[in-house]
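Next come the chains, spelled out residue by residue.
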Amino acid sequence: MKSENESMPFLDHLEELRWRLIKSISSVLIGAVASFYFIDSIIELLIRPTENLKNSMDLQVLKVQGMFMIKWGIALLGGIILSIPVLTYQLWKFIAPGLYLDEKKYIIPLILFTFLSFIFGLIFAYLIVIPFSLSFFTAAGFEGIENNFSINYYFSFITWLMVGSGLIFELPVIVFILSIIGLLTPAFMRHYRRYAVVVILILSAFITPPDPISLVLMSIPLLLLYEISIGVSWLVNRKKHP
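**Brief notes about the overall build of the protein chain**
Part 1: Scanning the protein chain from N- to C-terminus turns up 10 helices and two strands.
Part 2: Element order for the protein chain, N to C, with α for helix and β for strand: α-α-β-α-α-α-β-α-α-α-α-α.
Part 3: Taking all 242 residues of the protein chain together, 40% fall into the buried category.
Part 4: A separation of at least 24 residues holds for 85% of the contacts in the protein chain among residues at least 6 apart in sequence.

Printed below as a string of structure tokens:
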């Protein structure tokens with residue numbers, strides 16, 4: 001059996017990558033099928049933020065294949081979310097040996113941390129960002145003009161907000177990995193705090209939809225996340241250097 005420290009031939013690397021991609025794609029497809037089984041309940045949940053708005057809005061299907069594409073698109077997105085633990089595991093198993101790290105020591109915390117961080121991001125977007133954004137934009141209407149929106153655009157808008165929020169909430173996970181590798185320390189993060197926040201805000205502008213309200217709402221947790229990330233880096237470095 002090969003030691004993790006032995007160099008693996010290039011073709012063996014490609015073969016390992018191929019199998020890890022196959023396992024990852026399979027997990028996404030299985031998750032998509034599972035999500036599609038509950039697709040009506042998921043759609044009902046995603047439409048719920050439109051029900052309690054001060055200014056009502058109506059959703060319309062404007063394409064023959066509109067609902068078909070929405071259902072499969074949401075199911076695929078659900079498959080990706082459900083397979084995050086598997087995707088994280090496959091990615092870590094592929095890169096960790098090359099970094100000479102103790103895989104067993106970090107793999108379980110990393111999987112849980114990655115999945116929960118993304119879920120918290122989804123919940124934050126669903127409970128705070130989406131209701132506020134919908135209330136703001138529907139209130140900016142004009143008398144005599146109804147708020148009728150394409151259901152395809154609506155789902156594109158809210159899913160992009162939720163995915164963007166989930167990605168932003170992965171900041172502590174990224175810090176966790178970089179701290180394990182030794183590229184980040186709490187002192188470094190504290191010293192460059194102001195610069196880091198600016199960079200993160202710029203990145204969040206690309207992740208969130210192109211409107212200032214979403215950007216502002218997404219930026220609110222960034223300061224807290226950065227402070228949490230400093231704590232995460234401190235814990236990792238403390239365990240590495242007791």
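**A short note on the packing of aromatic side chains**
Part 1: Summed over the entire model, instances satisfying the criterion amount to eight aromatic pairs.
Part 2: Ring centres of F124 and F169 lie 5.6 Å apart, and the angle between their planes is 40°; this geometry places the pair in the tilted category. On the criterion of sequence distance, the pair formed by F124 in helix α5 (residues 103–139) and F169 in the loop between α6 (151–168) and α7 (171–181) is long-range, its members being 45 residues apart. Judged on exposure class, the residue F124 and its partner F169 are both buried.
Part 3: Ring centres of F188 and Y192 lie 4.8 Å apart, and the angle between their planes is 40°; on these two criteria the pair is classed as tilted.
Part 4: By relative accessible area, Y192 is classed as partly exposed at 37%.
Part 5: Here a set of aromatic residues connected by ring pairs shows up, and it is made of F188, Y192 and Y195.

**Brief notes about the nonpolar core**
Part 1: Counting 40 residues, the largest nonpolar core has I74, L134, F155, I158, M162 and Y226 as its most contacted members.
Part 2: Listed by contribution, the elements that provide at least two residues to this core are α2 (39–47), α3 (66–82), α5, α6, α7, α9 (193–207) and α10 (212–240).
Part 3: In contact with M162, other than residues within four places in its own chain, are L46, G121, L122, A125, Y126 and I130.
Part 4: Residues A96, I111, V232 and V236 belong to the second largest nonpolar core, which totals 11 residues.

**Focus on the side chain of S150**
Part 1: With respect to the secondary-structure elements, S150 resides in strand β2 (residues 148–150).
Part 2: Side-chain polar atoms of S150 contact the backbone nitrogen of N152, separated by 3.3 Å.
Part 3: Apart from residues lying up to four places away in sequence, S150 is in contact with Q60 and L62.

**Things to note about helix α4 (residues 84–95)**
Part 1: For α4, spanning 12 residues, the distance from its first C-alpha to its last is 16 Å, which sits close to the expected 16 Å at 1.5 Å a residue.
Part 2: Along α4, the residues that are buried comprise I84, T88, Q90 and W92.

**A closer look at the pattern of salt bridges**
Part 1: Under the definition given, this model contains four salt bridges.
Part 2: The closest approach of N and O atoms between E227 and R193, which form a salt bridge, is 2.7 Å. Note that E227 is positioned in helix α10 and R193 in helix α9, a separation of 34 residues in sequence.
Part 3: For R193, a relative accessible area of 29% puts it in the partly exposed group.

Procedures and definitions
- Residues numbered from 1 in each chain as written.
- Predicted model: local features only at pLDDT ≥ 70, side-chain atom pairs only at ≥ 80, totals over all residues.
- Heavy atoms only, no water.
- Helix = DSSP H or I, 4+ residues; strand = E, 2+ residues; numbered from the N terminus.
- Buried < 20%, exposed > 50% of the residue type's maximum accessible area, 1.4 Å probe, protein only.
- Contact = heavy atoms within 4.5 Å.
- Phe/Tyr/Trp six-rings, centres within 6.5 Å; stacked < 30°, edge-to-face > 60°.
- Core = buried A, V, L, I, M, F, W, Y, C linked by side-chain atoms within 4.5 Å.
- Polar contact = N/O pair within 3.5 Å; in protein donor to acceptor, adjacent residues only side chain to side chain.
- Expected span 1.5 Å × (residues − 1).
- Salt bridge = Lys/Arg side-chain N within 4 Å of Asp/Glu carboxyl O.

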